[in-house]
Amino acid sequence: MSRSPVSDQASREQAHEAFSAFDNETVSDNPRYRFLLIPILLIALILVSGWLTVSQINQLRDNDRQSAAQRLTLWMNAEQRMLGGQLRENAYWEEAVEEMLRKPTPDNAWLDYMYGAEFATNTGIHLIGVVRGNGRVAAWGEHVAASEQWLGEQPEGWRRALSPLLVKSWNTPTVPQITWVRVAGQPWLVGVQGLYADEEALPSRDQQGLLIFGIPMTAAVLSEQAAVLGLNGLEIVSNKLSEPIATERTCVLLPQALVHAGLRNSIRACWKDESRGAELLLSLGAPFGALLLVILLAVIGACCMIWRDHIRRKISRGKEVQCAVQLDLHHQFNEQFLTVPYETHNQEHAKAILSQYLRRVREMAGAEVIIYRREVGNPSAGYLILQSRDEREWLSEASLKRDPLWRLPVGPIRINSSEPQSAGVENRALQLCQRLGASQLLGYSISPHPGRSELLLIVSRGNALDEVALMPVLDRTLNTLIIRGLEQERILLQHQLLQERETDADTGLLSREGILRLIKMRIDQLGSVSPMDGFVLMALRIGGLQELYEHEGASLGNHQLELVQKRIAPLLGNAGHVARLETDRLLIMVQRRLLEATRGGISGWLDSLLGAVRHKVTLDNEVIYLQASLGISRYPEDGQQMDALVYRSERALHDTLQLKREWHFFDEAAEREVRRLKQLEAEFIVGLREGQLRLHLQPIVDGRDGTLMLSEALVRWQHPDHGLMGSADFMAIVESARLDVALGRWVLKESIATLIRVHEAGHELNLSVNVTVRHMMDKRFLSDLDGLFRYPGLCQQLTLELVESQLPDDIQTLAILFQKIRAHGVALALDDFGTGYSSLSQLQRLPFDKLKIDRQFVTGLGEGSSQGQAMIDAMLGLAEAFQLSVVAEGIETPKERAALIAHGCTLHQGYLYSRPLPAQELIDHLMAGDHWLPADLQGIDNS
């Protein structure tokens, strides 16, 4: 077990006191000191007589306690057997089972007749309770309470006390469970047994119950039993209560049925311990009188010895005052020494401070040599210092380290070569004294625990050293050195731990924690400066390095990372730092002026950095190219907080990878747009959940006469702050957050509900709904269409649109799904035809019914472009070859309408006819039979 420096100091101070009191004094040979043996012998006689008397009294008390405990145990066993017999007698009574378990509520008159006051008086059982198999209390009565009414529920105090016992009784209903409890300050003997009719066959739990009997141990009952048992003041108390029990009382634990509950719920019986110790003391009156006389003589002798010691202390008081003054001066010097700052990075500096302090102690003690050795588990915190008055001292620190003699036994060291020494533990210290050519050797050697030791020695080669005065000084000096050493060791350990946390173990680069600390220090040093005096943070991703780690392991990957660090080190200057954030990501901090001073400015420096990272690694069967991508943030332009600068450099790296560039500076405007989209995404999720979306419909008409042929379902968002928003305002976040399935399900369900509502109103409405490939491949897609499949006639009024650019390369699964949908009569359309890369084989394998020409081709046709006309003719010809109907989107001018009709395309959709309308508004137009051809076009057509 290790000891603290404080305890070691206390033990050493006690040694000093004993040494200073007796070292310079000699015991006189006068025979009067032999009379001191008489009081010592008398005191020993008193102790022996007292011990025998106390032993006799304790034996008598133990016999009385054992006898009382046996009588009490017999009484408790008798009470428990009586209560167990009553439980067994009433547990199998058919009438009790009928009344208490099979009836909804027991009859109180029957309960009073069978278990009333007369039953309590005859048996002593004042608590009767029945718990049914469902846990409900059938009856509960206490005849010791102020009211003797039968209750329909169990009181709270009883419920807490009996809950564990009832659980055990349900597990073993055939065995009575008897225990002692204390409820509301009243001790009870309580028993529980299963209640059922057939003693031979145990029914199920819902057909049985538990019968509870309790005998109160009132003060009157305990007084009566105490008189019978010969006990005085018998009480039953709880172990949980902090009751002060006098030493003359004896307690025993009462038997418990709940052994697993431990002593926490146990109670005990206590009685006043009456012993015959006083009678024995009276019978020993004469011997005690003699002992008192002996004690008086011993006191007189002790007073004489105290007076003698007082005279001796008075003689040495002057010398002690001188020592105290010296100790006080040394204490002030120690306090100054402890305030010297610690230098954790320079071991030689710390050693020089200790040498200076030890030189001061040596000069104060008047010694020629002082030696201090400290051994601890951390070699960096250990010392071996030798200070000598003679600068040509032949005994060096190196020789001490090789010499085993300085490993002295633990304890104070006092060697005087002029005096004869006894053989034993001080032989090694004597040999060291002789090796040093010294006349005196004083000091201490301590070892708080294995692996840690402290040694302090002063050596004299002629001058006599005052041991009484110097040993306390050395003690305090050693204690000061221990405190200084422990604090130095703590600071050194903190520094080592900090270095471990701030260094990447695999490559030796700075870790994230290390670079963050340097960035914060740099920001604190710079404060508010111009951009040219700031610094630049660069998040560097080395492409191909992760692949190298995965294929060749950590060894080769770490080696390549170290080579990269060596190649970029000349570019960073003295104030640059590199840290490893992840497997293939670094964070670089470099001064702004260094970048600007490079030929070509910042761009030239960045090109040099990219070139230093760029490298080809040749493996056995392949070549891996290391490529760099940079994200750059600047201090103070991009922020003045450490976390913000690091985040923005990583954000800029993300933008670099997205834009497929080599480097990219942080853009505040782009960051604001990202935050806006993130906020909008969160609001859209809330809107989707809280019903803020609205279904709008845009007519698809026959361009010749304006007849409504079809309507495309479009979604609008009724934003609580921004009002009604079109799909172009939020579809980007829907796609990036992969919310297209959730949005598509909502649109599909609303569209089907609209179809059914219009059909039930006696009208027909054809709807076209946009779906994505991810939505169609979702396992809930077909189940969402089940509501429409229940109306076979309505299935032909629904068209599902799929964007051409979303068609996968492998369309086998999609073709099977299309066949299932078309089997119910649902039509399929290919939206934005011409903008994707669908092949003729895909159109042949996927059973589309319609093609929708994108607006960019319609615009080219309206402008009279020959290329646009050729594209329209090609798409119309392809649709005719595959027997597909064609819908032209985005028609906004009469010229575009006329050109399409001239080319044979008559299904039109666009603002020329109508903008998207709320679903109910378009349904109202449908019911009114309105046509969608503008009035000005009607006049032209009629003419």
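Since the model is a prediction, treat every value here as computed from it, not as a measurement.

So, about helix α14 (residues 512-526). With 15 residues, α14 extends 21 Å from end C-alpha to end C-alpha; this agrees with the ideal 21 Å at 1.5 Å per step. Residues of α14 that are buried include every one of Gly514, Ile515, Leu516, Leu518, Ile519, Ile523 and Leu526, and no others. Against β14 (535-543), β15 (577-582), β16 (585-591), β18 (623-635) and α19 (642-659) lie the buried residues of α14. Following α14 by one or two positions, Gly527 adopts a phi angle in the positive range, close to 65°.

Moving on, we get to the sheet that holds strand β7 (residues 249-253). The strands making up a sheet associate through backbone hydrogen bonding, with each pair oriented either parallel or antiparallel. The three strands lie next to each other as β6-β8-β7, forming an open sheet whose pairing is antiparallel. Unpaired on one side and paired on the other, β6 (232-238) and β7 mark the two borders of the sheet. Ignoring which end each strand starts from, the neighbouring axes of this sheet average 25° apart. Across five bridges, β7 lies against strand β8 (residues 267-272) in antiparallel orientation. Paired with Leu253 across the strands is Arg268, a residue of β8.

Take the environment of Thr174 next. Here Thr174 is to be found in the loop between α6 (156-171) and β3 (177-183). By relative accessible area, which is 42% here, Thr174 ends up partly exposed. Remark: the alpha-carbon pair of Thr174 and Tyr196, spanning 22 residues in sequence, is separated by 9.6 Å. Residue contacts for Thr174: discarding those within four places in its chain leaves Tyr92, Gln193, Tyr196 and Leu202.

Turning next to helix α26 (residues 812-823). Across its twelve residues, α26 extends 17 Å between first and last C-alpha, which sits within 8% of the 16 Å expected from 1.5 Å per residue. All of the buried residues in α26 are Leu814, Ala815, Leu817, Phe818 and Ile821. Down the axis of α26, the buried set is contained in an arc of 160°. They therefore lie on one face. At the C-terminal side of α26, Gly825 shows a positive phi close to 100°.

Attention shifts here to the sheet that holds strand β2 (residues 137-142). One open sheet holds the five strands; their spatial order is β2-β1-β5-β4-β3, and the pairing between them is antiparallel. Each edge of the open sheet is held by one strand with a lone partner, namely β2 and β3. Taken over all neighbouring pairs, the strand axes of this sheet differ in orientation by 20° on average, direction set aside. Sheet analysis places strand β4 (residues 186-195) next to strand β5 (residues 209-216), joined by eight bridges and oriented antiparallel. The residue of β5 that forms the bridge with Gln193 is Leu211.

Moving on to the pairing of strand β10 (residues 383-388). Among the six residues in β10, six count as buried, and that is most of the element. On β10, burial covers both faces: Tyr383, Ile385 and Gln387 on one face and Leu384, Leu386 and Ser388 on the other are all buried. In this structure, strand β9 (residues 369-375) lies alongside β10, joined through six bridges in antiparallel fashion. Bridge pairing in β10 links Arg373 to Leu384.

What follows deals with the environment of Ser736. One can find Ser736 in helix α21 (residues 731-736). The spatial distance from the C-alpha of Ser736 to the C-alpha of Glu681 is 9.3 Å, given a sequence separation of 55 residues.

A separate point is the pairing of strand β23 (residues 767-771). Across the five residues of β23, four count as buried, placing the element largely inside the fold. As defined by bridge partners, β23 adjoins strand β24 (residues 798-803) across five bridges and the pair is classed as parallel. Looking across to β24, one finds that Val769 is bridged to Leu800.

Next up on the list: the packing of aromatic side chains. Per the stated rule, a full pass over the model turns up 13 aromatic pairs. Note on Phe684 and Trp717: the rings are 5.3 Å apart at their centroids and 85° apart in plane angle, and the pair reads as edge-to-face. Taken as a pair, Phe684 in helix α20 (residues 668-690) and Trp717 in strand β21 (residues 708-719) lie far apart in primary sequence, 33 residues in all. The class for Phe684 is buried, based on a relative accessible area of 0%. Trp717 gets classed as buried once you look at its relative accessible area, which sits at 0%.

Turning our attention to a nonpolar patch on the surface. A cluster of nonpolar side chains, contributed by Leu293, Leu296, Leu297 and Ile300, occupies part of the molecular surface with about 380 Å² of accessible area. Note that Ile300 resides in helix α9 (residues 285-338).

Residues Glu547, Glu550, Glu552, Asp620 and Glu622 make up a contiguous surface patch of negative charge. Tracing the sequence through the fold places Glu622 in the loop between β17 (615-618) and β18. Owing to a relative accessible area of 33%, Glu622 belongs among the partly exposed residues under this scheme.

Turning to the confidence of the model for the protein chain, a few remarks are in order. With 82% of its residues at a pLDDT of 70 or more, the protein chain has an overall mean of 79. This stretch, residues 1-34, has a pLDDT under 50; its non-local contacts, to residues over four places away or in other chains, come to 35 contacts. This model gives residues 259-264 a pLDDT under 50, and the stretch forms three contacts once residues within four places in sequence are excluded.

Interaxial distance between α14 and α19 falls to 9 Å at its minimum, and their mutual angle equals 120°. Relative to α19, the element α14 is oriented oblique. As for the relative orientation of α14 and α19, their crossing is right-handed in sense. Within the contact between the two elements, α14 uses Arg512, Leu516, Ile519, Lys520 and Ile523 and α19 uses Met642, Leu645, Val646 and Glu650.

Our focus in this paragraph is the side chain of Thr123. Among the secondary structure elements, Thr123 is positioned in helix α5 (residues 117-123). Side-chain polar atoms of Thr123 contact the backbone oxygen of Phe119, separated by 2.7 Å. At a separation of 3.2 Å, a polar atom in the side chain of Thr123 contacts the main-chain amide nitrogen of Ile125. Not counting chain neighbours up to four residues away, the residues in contact with Thr123 comprise Met82 and Gln86.

Below, the discussion takes up unusual backbone geometry. Here the amide bond leading from Tyr635 into Pro636 is cis, since omega sits at 10°, within 30 degrees of zero. Note on placement: Pro636 falls in the loop between β18 and α19. Backbone geometry at Arg738 places phi at a positive 55°, although glycine is not the residue there. Unusually for a residue other than glycine, Gln883 sits at a positive phi of about 55°. Take Gln883: it is sitting in the loop between α29 (866-881) and β27 (885-888). Residue classification places Gln883 among the exposed residues on the basis of a relative accessible area of 73%.

Further remarks concern the pattern of salt bridges. Evaluation of the coordinates by the stated rule reveals 24 salt bridges. For Arg517, the salt bridge identified is with Glu502, shortest N-O distance 2.4 Å. Here the residue Arg517 occupies a position in helix α14, and Glu502 occupies one in the loop between α13 (467-501) and α14, the gap between them amounting to 15 residues. Residue Glu502 is classed as buried on the basis of its relative accessible area, which comes to 6%. Salt-bridge contacts for Arg593 lead to Asp533; the nearest nitrogen and oxygen are separated by 2.6 Å. Here the residue Arg593 occupies a position in helix α17 (residues 592-597), and Asp533 occupies one in the loop between α14 and β14, the gap between them amounting to 60 residues. When its relative accessible area of 48% is taken as the criterion, Arg593 is described as partly exposed. Each of Glu712, Glu801, Lys852 and Glu889 takes part in one network of salt bridges that share partners.

Calculation rules
Residues numbered from 1 in each chain as written. Predicted model: local features only at pLDDT ≥ 70, side-chain atom pairs only at ≥ 80, totals over all residues. Heavy atoms only, no water. Helix = DSSP H or I, 4+ residues; strand = E, 2+ residues; numbered from the N terminus. Expected span 1.5 Å × (residues − 1). Buried < 20%, exposed > 50% of the residue type's maximum accessible area, 1.4 Å probe, protein only. Contact = heavy atoms within 4.5 Å. Pairing = 2+ DSSP bridges. Axes fitted to C-alpha atoms, helices over the stretch in contact; angles between N-to-C directions. Arc of directions from axis to C-beta. Phe/Tyr/Trp six-rings, centres within 6.5 Å; stacked < 30°, edge-to-face > 60°. Patch = residues over 30% accessible without salt bridge, like charges linked within 9 Å, V, L, I, M, F, W, Y side chains within 5 Å. Areas by Shrake-Rupley, 256 points an atom, 1.4 Å probe, with all protein chains shown as cover. Salt bridge = Lys/Arg side-chain N within 4 Å of Asp/Glu carboxyl O. Lys, Arg positive; Asp, Glu negative; His and termini not counted. Charge placed at Lys NZ, Arg CZ, Asp CG, Glu CD. pLDDT = per-residue confidence, 0-100. Parallel < 35°, antiparallel > 145°, perpendicular 65-115°, else oblique. Left-handed = near helix turned anticlockwise from the far one by under 90°. Polar contact = N/O pair within 3.5 Å; in protein donor to acceptor, adjacent residues only side chain to side chain.

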